[in-house]
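Results of the structural survey
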Amino acid sequence: MLRVLATPRWLGALALAAVFAVAAYFLGQWQWHRYEDKKVRADRINAHYDARPVPLAGQVGTSPMPVTLDWTRVTAQGRYAASEPLLVRNRPLEGTYGYEVLSPFTLADGRTLLIDRGWVPNAENAETRPKVPPTPSGTVTVTGWLRQSERSLGRDLPAGQLASINVPQAQKQVGTDVLGAYLVLDREQVAGSSATPPRPYRLERPDTGLGPHQAYAFQWWGAMAVGFVLVFFGVRREYRESLEGEGSAGRSSAGKPRKVRVWDEEDA
């Protein structure tokens, strides 16, 4: 079999099997890293989302918030700014795209926090501003989840609109320094009132599914041996066929009658 394997054709097939094995290994690694990233995110959300809210003070400053605090549930008190909220475009809710409403919130210590109050549907056309429930006036206690700044999508949009919740870009439109994270609103309560103020549609609970990445990783790693197995069976079949060919040639030679010369017959 080694003699068959040493032929150029099978050596080439063996090289292709090795290339496929290396590619399958790295594809498995890529899927495994995606699985690990999703698991870390899911564990962080599960640990923070339903936790008892903690005071905002001390959780975040003007520098970007570390990822370990993402989805931390906090509570704070302050007043909504009188300015128009920022609208974040192309945000889905239950399969429909609209806007998320980002409102500046001045805390009791004078700092400003951006609050994502929820979702509103698109207006009749892109030039028309959608209807947004007004922010409550007076002192308001908000409870929600801290989120990291999203990456910038690098798009130029009209004033009052954002392509993503990028805190530095939002800060330029707000016109004042803001904290290095924003808050996804869970609930808000106006001081001295038991009524729930009107607000945009509540955002959906974050997805904590891990997806099929772990299974894909195992499948790619299991596929590493496929090329070598195919080469092995191909070489073995060719080797057996060569042995059968040699056996057939031997039997054919042994069964053929020996030619008798004329003078040999006369001598007999």
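Before going into details, it helps to say that this report is about the structure given with it.

Calculation rules
- Residues numbered from 1 in each chain as written.
- Predicted model: local features only at pLDDT ≥ 70, side-chain atom pairs only at ≥ 80, totals over all residues.
- Heavy atoms only, no water.
- Helix = DSSP H or I, 4+ residues; strand = E, 2+ residues; numbered from the N terminus.
- Buried < 20%, exposed > 50% of the residue type's maximum accessible area, 1.4 Å probe, protein only.
- Areas by Shrake-Rupley, 256 points an atom, 1.4 Å probe, with all protein chains shown as cover.
- Lys, Arg positive; Asp, Glu negative; His and termini not counted.
- Charge placed at Lys NZ, Arg CZ, Asp CG, Glu CD.
- Salt bridge = Lys/Arg side-chain N within 4 Å of Asp/Glu carboxyl O.
- Axes fitted to C-alpha atoms, helices over the stretch in contact; angles between N-to-C directions.
- Parallel < 35°, antiparallel > 145°, perpendicular 65-115°, else oblique.
- Left-handed = near helix turned anticlockwise from the far one by under 90°.
- Contact = heavy atoms within 4.5 Å.
- Nonpolar A, V, L, I, M, F, W, Y, C, P; charged D, E, K, R; others polar.
- Phe/Tyr/Trp six-rings, centres within 6.5 Å; stacked < 30°, edge-to-face > 60°.
- Lys NZ or Arg CZ within 6 Å of the ring centre and 35° of its normal.
- Expected span 1.5 Å × (residues − 1).
- Pairing = 2+ DSSP bridges.

1. With respect to the overall build of the protein chain
Per the secondary structure count, the protein chain includes six helices and eight strands. Element order for the protein chain, N to C, with α for helix and β for strand: α-α-β-β-β-β-β-β-β-α-β-α-α-α. Seen through its C-alpha atoms, the protein chain measures out along the principal axes to roughly 140 × 40 × 30 Å. Expressed as a percentage of the 268 residues in the protein chain, the buried residues total 33%. Of the roughly 16600 Å² of accessible surface on the protein chain, 56% is carried by carbon and sulfur atoms. The distance from the centre of the 32 positive side-chain charges to the centre of the 27 negative ones in the protein chain is 3 Å.

2. Digging into the pattern of salt bridges
Overall, the coordinates contain 11 salt bridges when judged by the stated rule. Close ionic contact of Asp-186 with Arg-73 constitutes a salt bridge, the shortest N to O distance being 2.7 Å. In this pair, Asp-186 sits in strand β8 (residues 182-190) while Arg-73 sits in strand β2 (residues 73-80), placing the two residues 113 residues apart along the sequence. The burial state of Asp-186 is the same as that of Arg-73; both residues are buried. Salt-bridge contacts for Asp-186 lead to Arg-202; the nearest nitrogen and oxygen are separated by 2.5 Å. Of this pair, Asp-186 sits in strand β8 while Arg-202 sits in the loop between β8 and α4 (213-222), and the two are 16 residues apart along the sequence. Judged by relative accessible area, Arg-202 falls into the partly exposed class, the value being 42%.

3. Here we look at the environment of Val-235
As for its position among the elements, Val-235 is in helix α5 (residues 226-255). Under the relative-accessibility criterion, Val-235 is labelled buried at 3%. Along the sequence, Val-235 and Arg-34 sit 201 residues apart, while their C-alpha atoms lie 38 Å from each other.

4. What to know about the packing of helix α2 (residues 8-48) against α4
Running from N to C, α2 and α4 point in directions that differ by 165°, and their axes come no closer than 8 Å. With respect to their mutual orientation, α2 and α4 come out roughly antiparallel. The handedness of the crossing between α2 and α4 is left-handed. Residue-level inspection shows Ala-24, Tyr-25, Leu-27, Gly-28, Gln-29, Gln-31, Trp-32, Arg-34, Tyr-35 and Lys-38 of α2 in contact with α4, the latter providing His-213, Gln-214, Tyr-216, Ala-217, Phe-218, Trp-220 and Trp-221. Residues that form the contact of α2 with α4 fall into these classes: 10 nonpolar, five polar and two charged.

5. A few points about the packing of aromatic side chains
Tallied over the entire structure, the rule returns 10 aromatic pairs. Ring centres of Trp-32 and Trp-221 lie 6.0 Å apart, and the angle between their planes is 40°; on these two criteria the pair is classed as tilted. In this pair, Trp-32 sits in helix α2 while Trp-221 sits in helix α4, placing the two residues 189 residues apart along the sequence. Between Tyr-49 and Trp-145 the ring centres are 4.2 Å apart and the planes differ by 5°, which places this aromatic pair in the stacked class. Taken together, the positions of Tyr-49 in the loop between α2 and β1 (54-55) and Trp-145 in strand β6 (residues 140-147) put the pair 96 residues apart, joining distant regions of the chain. Accessibility expressed as a relative area gives 3% for Trp-145, which makes it buried. Through a chain of ring-to-ring contacts, the aromatic side chains of Trp-32, Tyr-35, Phe-218 and Trp-221 assemble into a single cluster. Directly above the ring of Tyr-80 sits Arg-117, whose terminal nitrogen or CZ lies 5.4 Å from the centroid.

6. So, α2
Taking 1.5 Å per residue as the helical rise, α2 with its 41 residues ought to reach 60 Å, and the 60 Å between its terminal C-alpha atoms agrees with that figure. Along α2, the residues classified as buried are Trp-10, Ala-17, Ala-21, Ala-24, Gly-28, Gln-31, Tyr-35, Ala-42, Arg-44, Ile-45 and His-48.

7. Some words on the pairing of β6
Looking down a regular strand, the side chains alternate between one sheet face and the other. Across the eight residues of β6, seven count as buried, placing the element largely inside the fold. Of the pairings in the sheet, the one linking β2 to β6 comprises six bridges and is antiparallel in character. Considered in β6, the bridge of Gly-78 is made with Val-140. Note: β6 against β8, eight bridges, orientation antiparallel.

8. Observations concerning unusual backbone geometry
In the Ramachandran plot, Asn-90 falls in the positive-phi region, its phi being about 55° despite a non-glycine side chain. Relative to the helices and strands, Asn-90 resides in strand β3 (residues 86-93). If you check the backbone angles, Glu-94 has positive phi at about 55° while not being a glycine. Summarising the element assignment, Glu-94 is placed in the loop between β3 and β4 (96-107).

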